[in-house]
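Observations on the three-dimensional arrangement
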Amino acid sequence: MKKFNITCLLAIASSFAMANDLVSTASKLENAKVVEEASDTAKWTFPGSVGINANQAYFNDYSTDGSGASVALDAYLNLNANYKRKKVLWENSLAAKYGMIYSTEFTGEDLVRKNLDELIINTKYGYKVSKYWYASAFANLETQFTQGYEYLEDVNGQDSASTISHFFAPAYIKVSLGMEYIPNKYFSAFLSPITARFTVCRLDELGDKYGMEVIKEGADALYDEDGDLIRKAIPAEYKHLRTELGAYAKLKSDFDITKSLHFLSTLEGFYAYNKAVQSLTDEYIDFCEKQNPEGLLDYTFDETDFDVDNYKYEDIHGWYIKWKLEFLLKVSKYVNLSFKTQLKYDNAERKALEGKYAGLPQAKLQFWESASIGVAYTFK
């Protein structure tokens, strides 16, 4: 954990440095001016974009960089409604993304799979209190549209799907009061010591993946000596809402480096003051590790000799950090090349992995990247 914390700090520091350098470059290239106060006339603007991206790859049998062929297609929609008048700045946005991928390497029934699914709605109201500072209120909703799956190889060598997410399972809602620093039109920093974060997980079968509180423990199916079913499996029951109060920060850089190259970086983090995330105790993890020393992912733990009621769960402080980075190269009026990455750690988001503590939900560093060519239409 110490190594991970150091890595996070280095990532934050490097993002600060990179944002600084790029903002300075953009300022020199475009002769940036300090954001001016709005005139007495109220002004609405509705910028946005809509587009489709495609990606294709093929590796022959001798390639060491990959295998098989794959085709991916995704669509996105970005809508904004911004209001400005005198010292008032009100920004609203909706971002929706959805993508599918086909690969000859997929086995099982699902040869076409979802690889991108995101719905984010933001609203932020600010009142200018000094040259660069706004007193701001911010609200945000993040979820996905459809069911998401994890694919693991079964005993027959085929991919077997298990659900890991769904619409509002999870969904994250944040409401913040704080201050926003806007030194120019390329960079902003929102700081909030008072943020309420609500986690919604409407499906009980996903409760353990997102640190939701257990209401009632489940039980495995029981069979007699002849293999006849005595009792069906009883699913666990979880609370569907978790409330956390904490501190939140968001840094954003958004500008054109050149006329054809656009840069966007968003770094945000949250830390809860109250202990609301439910986690397995170290005692229970050690107990399970002794049962499953070979690290079998589908191992079923026997809790007969463990005091589940008193020592299985503990409440911990929830926290996360997320950094999105995007470069968009405009090839022509409607054709773009894009490179995007996301680095994230959330100690409430967990999945069972191979290796040590296999079969137990674990929080790990999450990362994805994509490079694609697409057709896009931008409006202002």
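The present account deals with the structure reproduced in this document.

Here is what the cut-offs are and how they apply
Residues numbered from 1 in each chain as written. Predicted model: local features only at pLDDT ≥ 70, side-chain atom pairs only at ≥ 80, totals over all residues. Heavy atoms only, no water. Helix = DSSP H or I, 4+ residues; strand = E, 2+ residues; numbered from the N terminus. Buried < 20%, exposed > 50% of the residue type's maximum accessible area, 1.4 Å probe, protein only. Contact = heavy atoms within 4.5 Å. Pairing = 2+ DSSP bridges. Phe/Tyr/Trp six-rings, centres within 6.5 Å; stacked < 30°, edge-to-face > 60°. Lys NZ or Arg CZ within 6 Å of the ring centre and 35° of its normal.

1. Some thoughts on the overall build of the protein chain
- A tally of regular secondary structure across the protein chain gives three helices and 21 strands.
- Scored against the burial criterion, the 380 residues of the protein chain give a buried share of 37%.
- Sequence-distant contacts in the protein chain: of pairs separated by 6 or more residues, those separated by 24 or more amount to 65%.

2. Some thoughts on the pairing of strand E16 (residues 261-280)
- As paired strands, strand E15 (residues 241-256) and E16 are joined by eleven bridges and run antiparallel to one another. Counterpart to Asp 256 in the pairing with E16 is His 262.
- Hairpin connection between E15 and E16: a loop of four residues separates the two successive antiparallel strands.
- Note that E16 and strand E17 (residues 313-330) share 16 bridges and pair antiparallel. Counted as the bridge partner of Leu 267 is Trp 323 from E17.

3. A short note on unusual backbone geometry
- The omega angle of the peptide bond from Ala 169 to Pro 170 is 10°, so this bond is cis rather than trans.
- Non-glycine residue Lys 86 carries a positive phi angle of around 50°.
- Summarising the element assignment, Lys 86 is placed in the loop between strand E3 (68-85) and strand E4 (88-103).
- The exposure class of Lys 86 is partly exposed, given its relative accessible area of 40%.
- The residue Phe 168 is not glycine, and still its phi comes out positive at about 55°.
- When you line up the elements, Phe 168 lands in the loop between strand E8 (159-165) and strand E9 (171-184).

4. So, the packing of aromatic side chains
- For the coordinates displayed, the defined rule picks out 20 aromatic pairs.
- When the centroid spacing of 6.2 Å and the interplanar angle of 50° are considered together, the rings of Tyr 149 and Tyr 151 count as tilted.
- Between Trp 319 and Tyr 345, the aromatic rings sit 5.2 Å apart at their centres with planes inclined by 35°, giving tilted as the arrangement. Within this pair, whereas Trp 319 is found in strand E17, its partner Tyr 345 is found in strand E18 (residues 335-346), the two being separated by 26 residues in sequence.
- Tyr 345 sits in the buried class, given a relative accessible area of 7%.
- Here a set of aromatic residues connected by ring pairs shows up, and it is made of Trp 44, Phe 46, Tyr 83 and Trp 90.
- One residue, Arg 113, lies across the ring of Tyr 151, its end atom 3.6 Å from the ring centre.

Bear in mind that shape data such as this cannot, by itself, settle questions of function.
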